[in-house]
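Each chain, written out:
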Amino acid sequence: MNLLKAVYRLLKSKFEAWDLDRTLPPNVQMGTDVQIERDVTIYGDYPVSIGNNCVLKSGVHLNAIDGPVSIGEGCVIGHHTQVRSSGFGITIGAGTVIGADADLFASTGGLTIGPQCTFGAHVILRGEGQGIEISSNCRVGMYSTLDSMNGRIFIGETTVFYNNCMVIGSGRGVHIESNCEFHQGVYIDAQGGEISIGKFSGVSPYSILYGHGGLKIGNYVAIAGQSMLVPGNHRFDRLDIPIRKQVGTAIGITLGDDIWIGAQCAILDGVTIGDGCVIGAGSVVTDSIPEYSVAVGVPCRVKRSRKES
Ligand SMILES: CC(C)(COP(=O)(O)OP(=O)(O)OC[C@H]1O[C@@H](n2cnc3c(N)ncnc32)[C@H](O)[C@@H]1OP(=O)(O)O)[C@@H](O)C(=O)NCCC(=O)NCCS
């Protein structure tokens, strides 16, 4: 209670019209030097703990119904941000910057954000299912959405998503290692399978990565723009049922390390591409490609081995 009184005195001195009884319920703790502008709504059925030196601008909603929200020191949370938690709570590390109109929702899975991450305006993070874990020094660009749905999303350190990216962790989830880079509009959707991406890999604008039967991408893989990796097929052997209603097949796609996929490629289900391959722009890869091949075309065929040159 002493802490609450101290917080009350601090807030009152900053904002004459602050109504403590209405806006600061029990179980909310705030560190010193917190700066809160008008129109903040904070519910705290379970503790809401906010570290020192936070700046929560106008229109922020913090709403921890069944689990705690804890935000580390030095955070800056933009106006119209919503931070809600029903279950395991939200933990945000020190020095994290979250842009205006972001929407963070933890539900049962939880949302853990490491220190020194940066989130652009209008970012949506939804940590349902098994939740979202974002390691330190990551960046998520404006209008991007990370939604674990009934799965899990893990993002390794220093990984960057540019604007308008989408990551959906439905099913067995999405696991992305450190130092990866996803450019504008990249769409990653586990679709009930599992997507794993190794360290230092990069995906260029508007590429689509699906995970139906499993998608495994190694380290240092570069995927150029508007490519599509789709580890699943519709069945179409029956004529009395629409194709989209027939049960599909899903084997999985595996890409080794140090691979370059050219622009506008399609990589189809069941394909394995070995380490060190180059796949020419516009290729449709229907069969597996041995390591260190340069392969091109529709369908994609090996032109030469990189080991020969
Ligand atoms: C495959 C690629 C890397 C060139 O590799 P290369 O070993 O130097 O190949 P070459 O240019 O010597 O071409 C070898 C053969 O493949 C053909 N070829 C090359 N690229 C091709 C492609 N994308 N599709 C179809 N055929 C292609 C060439 O016409 C040539 O055919 P030929 O043997 O009948 O004369 C290049 O053509 C390519 O597709 N680069 C991708 C560029 C890209 O998408 N960049 C995105 C930004 S990262």
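Residues numbered from 1 in each chain as written. Predicted model: local features only at pLDDT ≥ 70, side-chain atom pairs only at ≥ 80, totals over all residues.

Caption draft 1: Structural detail: the nonpolar core. Core analysis: the biggest nonpolar cluster contains 57 residues, and Ile273, Cys277, Ile279 and Val285 have the highest contact counts within it. Counting residues per element, this core draws most heavily on strand S19 (residues 153-155), which supplies three residues. Not counting residues up to four positions away in its chain, the partners in contact with Cys277 are Ile259, Ile289, Glu291, Tyr292, Ser293 and Ala295. (Core = buried A, V, L, I, M, F, W, Y, C linked by C-beta atoms within 7 Å. Buried ≥ 20, exposed ≤ 12 C-beta atoms within 10 Å, placed from the backbone. Helix = DSSP H or I, 4+ residues; strand = E, 2+ residues; numbered from the N terminus. Contact = placed C-beta atoms within 7 Å.)

Caption draft 2: Just the site of the ligand, in detail. Neighbouring the ligand are Ala224, Gly262, Ala263, Val278, Gly280, Ala281, Gly282, Val294, Val296, Gly297 and Lys303. When the residues that make up the shell around the ligand are grouped by side-chain class, the tally is six nonpolar, four polar and one charged. (Near = placed C-beta within 6 Å. Nonpolar A, V, L, I, M, F, W, Y, C, P; charged D, E, K, R; others polar.)

Caption draft 3: Quick look at the confidence of the model for the chain. For the chain, the mean per-residue pLDDT works out to 80, and 67% of the residues sit at or above 70. Note that residues 10-27 has pLDDT below 50 and, in this model, 15 contacts with residues that lie over four places away or in other chains. (pLDDT = per-residue confidence, 0-100.)

Caption draft 4: How the structure looks around the environment of Ser283. Inspection of the secondary structure puts Ser283 in the loop between strand S35 (278-279) and strand S36 (284-285). By the C-beta count within 10 Å, which is 24 here, Ser283 ends up buried. C-alpha separation for the pair Ser283 and Pro299, spaced 16 residues apart in sequence, amounts to 6.7 Å. Dropping the residues within four chain positions of it, Ser283 is found in contact with Gly262, Cys265, Ala295, Val296, Gly297, Val298 and Cys300.

Caption draft 5: Region of the structure containing unusual backbone geometry. The peptide bond linking Val298 to Pro299 adopts the cis configuration, its omega dihedral lying at -5°. Despite not being glycine, Gln264 has its phi angle at roughly 55°, a positive value. When you line up the elements, Gln264 lands in the loop between strand S32 (260-261) and strand S33 (266-268). Taking the number of C-beta atoms within 10 Å as the measure of exposure, Gln264 has 16 and is therefore partly exposed. Positive phi is not limited to glycine here, since Tyr292 has a value of about 60°. For Tyr292, the position within the fold is in the loop between S36 and strand S37 (293-296).

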